[in-house]
Amino acid sequence: MTVPPGEELARLAVLHGVATSYQPSPDRTVTASAGAVTRALAALGVDAGTPKAVRAALAARERELRERLLPPTVVCWRGSPCEALAALPEGTGLRVETEQGESRDSVEELPLGVHQLTVTAPDGRTGRAHLVVAPPRLPTPRGRSYGLLVQLYSLLSRRSWGMGDLGDLGELTAWAGRALGAGFVQVNPLHAAVPGTPTDPSPYRPSSRRFPDPVHLRVEDVPEFAYVRDDGDPRSALLERAGRLREAVLEKGELIDRDAVWELKREALELVARVPLGPGRSAAYCDFLAEQGQALEDHATWCALAEVHGSQWRRWPTGLQDPRSAETTRARRELMDRVDFHSRLAWLTDAQLTAAQRAAREAGMPVGIVHDLAVGVHPEGADAWAQQEYFAAGMSVGAPPDAFNARGQDWGLPPWRPDRLAASGYAPYRRLLKALFRYAGALRIDHVMGLFRLWWVPQGEPPTEGAYVRYDAEAMLAVLVLEASRAGSVVIGEDLGTVEPGVRETLRERGVLGTSVLWFERDWDGDGSPLPPDRWRDDCLATATTHDLPSTAARLTGEHVELRDRLGLLARSVEEERAEAANDTAEWLGLLTRLGLLAGIGGGSDLSSEEAEVQAVHRFLLRTPARMIGVWLPDGVGDRRPQNLPGTWDQYPNWRLPIADATGRPVTLEELAASPRLRALIEVLREEPGPPGGSASAGA
């Protein structure tokens, strides 16, 4: 009996990792539309446009899977049997070419790395695969540490050029490590942005995740800046203009103007580029070019071409849309000076990022700087141009409708193709991780669930018309664990929101920490009340808030509701929202009081009570078994404003606010270091916690 076309399409989808349904909640299953499944398959190079095409594609895929000896990438966790190899026919011969240059005829005692495996079955069939040999898990961070969470651009010092920079990051880590005993500082993604006017200020929609943005450079710390010569005294003029940008934000209440900052820094760096490098610096630059290879050449070429043709590469002359074309090669030669300029900026930024991590470690931080890996890249950016073969054409990453957003979400980021990642041995993913771990004591992975599956939204369709596409989570995790272990780095997964069953358990098994935010930690399987500290997980970074959420002071005072009401973002009446927010806060304050963490506090609305409540929230975090505890730096001075308000674009100044105190006055890094309120909050985290759920205690 012929299988109905719907069933054949579903079978074909499953064989290519496209899900035909999803569960927004444990008790509800939603079926993906046939159109969404068909378009996802098309983005994977599978024609499913007609019943005949579905049958042909299904037969071809079943034959391929039946006849192949190995998948494109095989994972071997050191110390455990390799399932893919155990399934080979008896008598199959193996040959391994290791990445270290050795030849082996066995997988026993292989070194860690990504090797090339060839197998020959007794019937003469051969198979080839990339063989990832990874440690079984990442080591757990030693002891407990606490640290600061900050959006770097918002952290201005008296030396900043209008926004926080890598010099400020080095100062912050050195001070926090030496004076506060902090173990880490977590920052926003520092990936390269897509240039334009105005530039998209979101750090989560970058041009490239592989290379950092030179807008973060501390220009004065570039050695060649001291030797800049031109008519008059250009350095003094540049510093004077930088001072005006800084004072506009700190003294005049203006927003951070990333474009103005970059315009000034680019002018300064153009002058710096004219200064010849000394022999040692020149040798270091040549080493960097050789190490980064084709990836850096592609990135710098895109930057140079964008200066000529604009940043939307799909509108460039046809030949230039292909990074490997003869036209692009010719253009690269013609623009060699600009390609070298952008390559040098990548080198300078890499050097300052490395110096910041070194400063953190020298200050005694066991972790150091926690960098953030965005979930994807801008469709018009350098990575999407240089790695076109790895991205799914006509697709965007997002999220299906759920309890938090009934319309779903479209993030405007093209997803990686899982089939081509696997065929390459995850080469672009490995190169990305290796680049970030150069200067990261830890890496936070935004939407870590994307290692397992991503919601693909067809271009031009609403997010409701999407479908989940699976990735080889074992391979993605093996590469992650391999590269992190080589660097000696910690990995933190942002696993907030709806998480597929089994994901958190798998991450924990491999040593990847999770993320727990106080206001979301409730007994969802029970009565929904705030989760007592002894029931929190230990393998996580625990915080009171994040960059996408209200500050702790705003939540305690209810000001986050008033802000959303002013912007017309409430789905219900403001009275209902106020009541729900007040009830939520009251439940948490009630638990803090019962635990003795708010003893003696009257609960009034004065600043001293608010400050004490903020301290109590963090004292609660200390009661949990969490291995890492993060303090949102603006919480240390009572800042009321979120750095990003999801659901807004021009209604709210997302990603453009400096850290401010409770009155909205911008606070410099120097003032933060001298702030009694911040010091008092940090002292809470230096207390020795009492037993989980018991009475409060203090110690050395």
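Before any of the text, the structure's been laid out above.
Computed from a predicted model, the values in this text were never measured in an experiment.

A.B. asks: Residues and numbers for the overall build of the chain, please.
C.D. replies: For the chain, the count of helices and strands is 21 helices and 21 strands. The C-alpha atoms of the chain give 26 Å as radius of gyration, which agrees with the globular expectation for 700 residues (27 Å, within 12%). If you line up the chain on its principal axes, its C-alpha atoms span 80 × 70 × 50 Å. Restricting the contact set of the chain to residue pairs at least 6 apart, pairs at least 24 apart contribute 70%. Accessible surface, the chain as shown: approximately 29,900 Å² in total, 50% of it carbon and sulfur. Taken as two groups, the 78 positive and 96 negative side-chain charges of the chain have centres that lie 3 Å from each other.

A.B. asks: Requested: an account of the side chain of Asp-298, with residues and values cited.
C.D. replies: Inspection of the secondary structure puts Asp-298 in helix H8 (residues 279-309). For Asp-298, a relative accessible area of 4% corresponds to the buried category. Discounting chain neighbours no more than four positions away, the residues touching Asp-298 are Arg-324, Arg-332, Trp-385 and Ala-386.

A.B. asks: Account for the pattern of salt bridges, naming residues and giving values.
C.D. replies: Applying the stated criterion across every chain yields a total of 47 salt bridges. Here Arg-522 and Asp-584 are joined by a salt bridge, their closest N and O atoms 2.3 Å apart. Remark: Asp-584 occurs in helix H18 (residues 574-594) and Arg-522 occurs in the loop between strand E19 (514-517) and strand E20 (540-543); sequence separation between them is 62 residues. Note on accessibility: Arg-522 and Asp-584 belong to one class, buried. In this structure, Asp-523 and Arg-535 form a salt bridge, with 3.4 Å as the shortest nitrogen-oxygen distance. Highlighted residues: Asp-523 in the loop between E19 and E20 and Arg-535 in the loop between E19 and E20, separated in sequence by 12 residues. Classification of Asp-523 by relative accessible area gives buried; the value is 15%. Connected via shared salt-bridge partners are Glu-297, Asp-298, Arg-324 and Arg-332.

A.B. asks: So what's going on with the side chain of Asn-188? Residues and values would help.
C.D. replies: As for its placement among the helices and strands, Asn-188 is situated in the loop between strand E9 (184-187) and strand E10 (191-192). Among the residues examined, Asn-188 registers a relative accessible area of 3% and is labelled buried. Of note is the side chain of Asn-188, whose polar atom sits 2.6 Å from the backbone nitrogen of Leu-152. Not counting the four nearest positions on each side in its chain, Asn-188 is found in contact with Val-150, Gln-151, Leu-152, Tyr-153, Pro-203 and Asp-372.

A.B. asks: Kindly report on the packing of helix H5 (residues 166-180) against helix H21 (residues 676-685), identifying the contributing residues and their values.
C.D. replies: It is at 12 Å that the axes of H5 and H21 come closest, and there the two elements cross at 60°. The orientation of H5 relative to H21 falls into the category oblique. The chirality of how H5 crosses H21 is right-handed. From H5, Trp-175, Ala-179 and Leu-180 reach across to H21, where they touch Leu-678, Arg-679 and Ile-682. Residue composition of the contact of H5 with H21, grouped by class: five nonpolar, no polar and one charged.

A.B. asks: Tell me about unusual backbone geometry, and please be specific about residues and values.
C.D. replies: The linkage connecting Thr-197 with the following residue, Pro-198, adopts the cis geometry, with an omega of -5°. Note on placement: Pro-198 falls in the loop between E10 and strand E11 (208-212). With a phi angle near 65°, Trp-655 is a residue other than glycine that sits in the positive phi range. Among the structural elements, Trp-655 can be located in the loop between strand E21 (628-632) and helix H20 (669-673).

A.B. asks: Break down the pairing of E19 for me, with residues and values.
C.D. replies: Of the two faces of E19, the one lined by Gly-514 and Ser-516 and the one lined by Thr-515 and Val-517 are each fully buried. In terms of strand pairing, E19 meets E20 through four bridges, oriented parallel. By the bridge assignment for E20, Gly-514 is matched with Cys-540.

A.B. asks: Please give an account of the sheet that holds strand E6 (residues 113-120) that cites residues and values.
C.D. replies: With mixed pairing, the five strands of this open sheet are ordered in space as E3-E7-E6-E4-E5. Of all strands in the sheet, those with a lone pairing partner are strand E3 (73-77) and strand E5 (103-104), marking the two edges. Here E6 pairs with strand E7 (residues 126-134) via eight bridges, running antiparallel. By the bridge assignment for E7, Val-119 is matched with Gly-127. Those strands touched by helix H14 (residues 473-487) are E3, E6 and E7, and its axis lies near 55° from that of E3.

Rules used throughout
Residues numbered from 1 in each chain as written. Predicted model: local features only at pLDDT ≥ 70, side-chain atom pairs only at ≥ 80, totals over all residues. Heavy atoms only, no water. Helix = DSSP H or I, 4+ residues; strand = E, 2+ residues; numbered from the N terminus. Rg over C-alpha atoms; globule rule 2.2 N^0.38 Å. Contact = heavy atoms within 4.5 Å. Areas by Shrake-Rupley, 256 points an atom, 1.4 Å probe, with all protein chains shown as cover. Lys, Arg positive; Asp, Glu negative; His and termini not counted. Charge placed at Lys NZ, Arg CZ, Asp CG, Glu CD. Buried < 20%, exposed > 50% of the residue type's maximum accessible area, 1.4 Å probe, protein only. Salt bridge = Lys/Arg side-chain N within 4 Å of Asp/Glu carboxyl O. Polar contact = N/O pair within 3.5 Å; in protein donor to acceptor, adjacent residues only side chain to side chain. Axes fitted to C-alpha atoms, helices over the stretch in contact; angles between N-to-C directions. Parallel < 35°, antiparallel > 145°, perpendicular 65-115°, else oblique. Left-handed = near helix turned anticlockwise from the far one by under 90°. Nonpolar A, V, L, I, M, F, W, Y, C, P; charged D, E, K, R; others polar. Pairing = 2+ DSSP bridges.

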